[in-house]
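Here is what each chain is made of, one letter per residue.
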2 protein chains.
Amino acid sequence: MLSTSPSLDALVARFSRLPGIGRKTAQRLALHILKLGTEEVRAMAQALLDVKENVRECSICRNITEEDPCAICTSPKRERRLICVVEESTDVLAIERTNEYKGLYHVLGGRLSPLEGVGPDDLHIQSLLDRAAQGVEEIILAMNPNVEGEATTLYLARLLKPLGLRVTRIARGLPVGTDLEYADNDTISRALEGRIAL
Amino acid sequence: MLSTSPSLDALVARFSRLPGIGRKTAQRLALHILKLGTEEVRAMAQALLDVKENVRECSICRNITEEDPCAICTSPKRERRLICVVEESTDVLAIERTNEYKGLYHVLGGRLSPLEGVGPDDLHIQSLLDRAAQGVEEIILAMNPNVEGEATTLYLARLLKPLGLRVTRIARGLPVGTDLEYADNDTISRALEGRIAL
């Protein structure tokens, strides 16, 4: 921003590189940091370093963790014969928030996307197949409901079905709280297709 | 977010406390930090500490600076008989970006706001009066165009005029690039009031 302080300019430049943070927001954040107490800024700097230092991938499910294997993989309370496959760690968080799912997870680390050059070898697919062969009864595919997620779902289903276990996918339909009137055609088609008996 | 990593949760919590950053954005930022290289995260932590360590207020104009007095106050190229009064340091940056103004600044550190308990003693007004008495020819009041900025402008004008110098305010009118049709009544009134001869 060309202020009278190179340190401030440097921090603004750093913030600007974060996703979704423009120059104006970066400037606002940097000026906010200026107003914080020294202790608080130190704690923030430490929090950044801690994350980089402590967080790793679980060697089993590939979710982010600080202890390997992660707390979900080692929990005696989780149903070990059930694995939910997701694209990213954030998806694990989203599902965990519901408190409904009691099985294990497998984080692919992305989705198949020929356009972005992401092929099967770039995802944690082999380790999923290895896990699937070890007494798993059901695998739930929970990819994002878009073209690439769809392709990934079909690809995985084709690999997993020959292993003789149950392969399911999460339902696509109308999100709770919306109006049928405003839903797109694709969503309504999927909702009709996935109708269940009452 | 209740992930499997306390360090990540801590960073998300830190980010959430920044202005304009909600829980979802904080989570996205924290996961982005995870993907950065160690060196880059270290540099970011250092940038935070540097700002807190190096940045101070200029003892003359109260703008943020690393050297006291600041580069603007000591510059031989600036017109020393002209002072532009602004609310915050960000306003200095905004004016500097235009490359039009060649005088000095005075940062008040806020504006008069009885509702928020900000009175004249909470702002750098006395130091402005001291500076104004030292050979200054014109003081430009550049408060934000709202009720509190207006009150501050009138208050300062009443204090400064008896010192026998020229006191001006920046123009209020239609911003460049907008439509007269969509301007609010107040803005149109000010634009008419401030009309200039062609």
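Report follows, based on the coordinates. (Residues numbered from 1 in each chain as written. Chains lettered and ligands numbered in written order. Predicted model: local features only at pLDDT ≥ 70, side-chain atom pairs only at ≥ 80, totals over all residues. Heavy atoms only, no water.)

**Things to note about the overall build of chain A**
Quick note on the threshold: Secondary structure is summarised from DSSP: a helix means a run of H or I of at least four residues, a strand means a run of E of at least two, and numbering begins at the N terminus for each. To get the radius of gyration, use the C-alpha atoms; to get the globule rule, take the number of residues to the power 0.38 and multiply by 2.2 Å. The buried label applies to any residue whose accessible area, calculated with a 1.4 Å probe on protein chains only, is under 20% of its type's maximum; exposed applies above 50%, and partly exposed to all values in between. Every accessible area reported is derived by Shrake-Rupley at a probe size of 1.4 Å, with residue values counting cover from the shown protein chains alone. The convention is simple: Lys and Arg are positive, Asp and Glu are negative, and His and the chain ends are not counted. The atom standing in for a charge is NZ when the residue is Lys, CZ when it is Arg, CG when it is Asp and CD when it is Glu.
Summing up its helical and strand segments, chain A has 8 helices and 6 strands in all. Shown N-terminal to C-terminal, the secondary structure of chain A runs as helices and strands in the order α-α-α-β-β-α-β-α-β-α-β-α-β-α. In terms of overall size, chain A is more extended than a compact globule, its C-alpha atoms giving a radius of gyration of 22 Å where 198 residues would be expected to give roughly 16 Å. Buried positions account for 41% of the 198 residues belonging to chain A. Counting only carbon and sulfur atoms, one obtains 53% of the accessible surface of chain A, whose full area is about 11300 Å². Positive and negative side-chain charges of chain A, numbering 25 and 28 respectively, have mean locations separated by a distance of 2 Å.

**Digging into the interface of chain B and chain A**
The condition that has to hold: Only heavy atoms enter the contact rule, under which two residues are in contact if any of them lie within 4.5 Å. What counts as buried area is the accessible surface, traced by a 1.4 Å probe, that two parts surrender upon association, with contributions from both included. A pairing counts as a salt bridge when a side-chain nitrogen of Lys or Arg comes within 4 Å of a carboxyl oxygen of Asp or Glu. For this analysis, a polar contact is any N or O atom pair within 3.5 Å, provided that within protein one partner can donate a hydrogen and the other can accept it, and provided that sequence-adjacent residues contribute only side-chain to side-chain pairs. Side-chain classes are defined by residue name, with Ala, Val, Leu, Ile, Met, Phe, Trp, Tyr, Cys and Pro counting as nonpolar, Asp, Glu, Lys and Arg as charged, and the others, Gly among them, as polar.
With 52 residues of chain B in contact, the opposing surface of chain A contributes 52 residues. When chain B packs against chain A, the two sides together hide about 4800 Å² of surface, and 71% of this comes from carbon and sulfur. Of all residues in chain B, the largest losses of buried area upon contact with chain A belong to Thr 4, Leu 48 and Lys 52 of chain B, amounting jointly to 15% of the total for that side. Here Arg 17 of chain B makes a salt bridge to Glu 40 of chain A, at a shortest N to O gap of 3.6 Å. Put simply, chain B and chain A have 12 residue pairs in polar contact (both at pLDDT 80 or more) between them. Ranked by residue count, the leading element in the side of chain B that touches chain A is helix α3 (residues 38–54) of chain B, at 14 residues. For the side of chain B that touches chain A, the per-class residue count stands at 27 nonpolar, 13 polar and 12 charged.

**Quick look at the pairing of strand β4 (residues 103–107) of chain A**
Residue and element names in this part refer to chain A. Applied cut-off: A pair of strands counts as paired when DSSP detects no fewer than two bridges linking them. The definition of a right-handed crossover adopted here requires that, viewed with the strands pointing away, the path from the first strand over the helix to the second runs clockwise.
The element β4 is extensively covered by neighbouring structure, given that 5 of its 5 residues are classed as buried. Bridge count between strand β3 (residues 79–86) and β4: 5 bridges; the pairing is parallel. Bridging across to β4, Cys 84 finds its partner in Tyr 105. Chirality of the crossover, the property in question, places the unit of β3, helix α5 (residues 89–98) and β4 among those that are right-handed.

**Section: unusual backbone geometry**
Glycine aside, the phi torsion of most residues is negative, and most peptide linkages are trans. Residues and elements named next belong to chain A. With an omega of 0°, the peptide bond between Asp 68 and Pro 69 qualifies as cis. Non-glycine residue Arg 62 carries a positive phi angle of around 70°. Relative to the helices and strands, Arg 62 resides in the loop between β1 (56–57) and β2 (64–65).

**Quick notes on the packing of helix α1 (residues 6–16) of chain A against α3 of chain B**
Keep this limit in mind: Lines are fitted to the C-alpha atoms to define the axes, a helix being fitted only along its stretch in contact, and any angle between axes, read from their N-to-C directions, falls within 0 to 180 degrees. Left-handed is the label given to a crossing in which the near helix is rotated counterclockwise from the far helix by less than a right angle, and right-handed is the label when the rotation is clockwise.
Here α1 of chain A crosses α3 of chain B at 145°, and the two axes come no closer than 9 Å. Here the hand of the crossing between α1 of chain A and α3 of chain B comes out left-handed. Across the interface between the two elements, Ser 7, Leu 8, Leu 11, Arg 14 and Phe 15 of chain A of α1 of chain A pack against Glu 40, Ala 43, Met 44, Ala 47, Leu 48, Asp 50, Val 51 and Asn 54 of chain B of α3 of chain B. Split by residue class, the contact of α1 of chain A with α3 of chain B holds 8 nonpolar, 2 polar and 3 charged.

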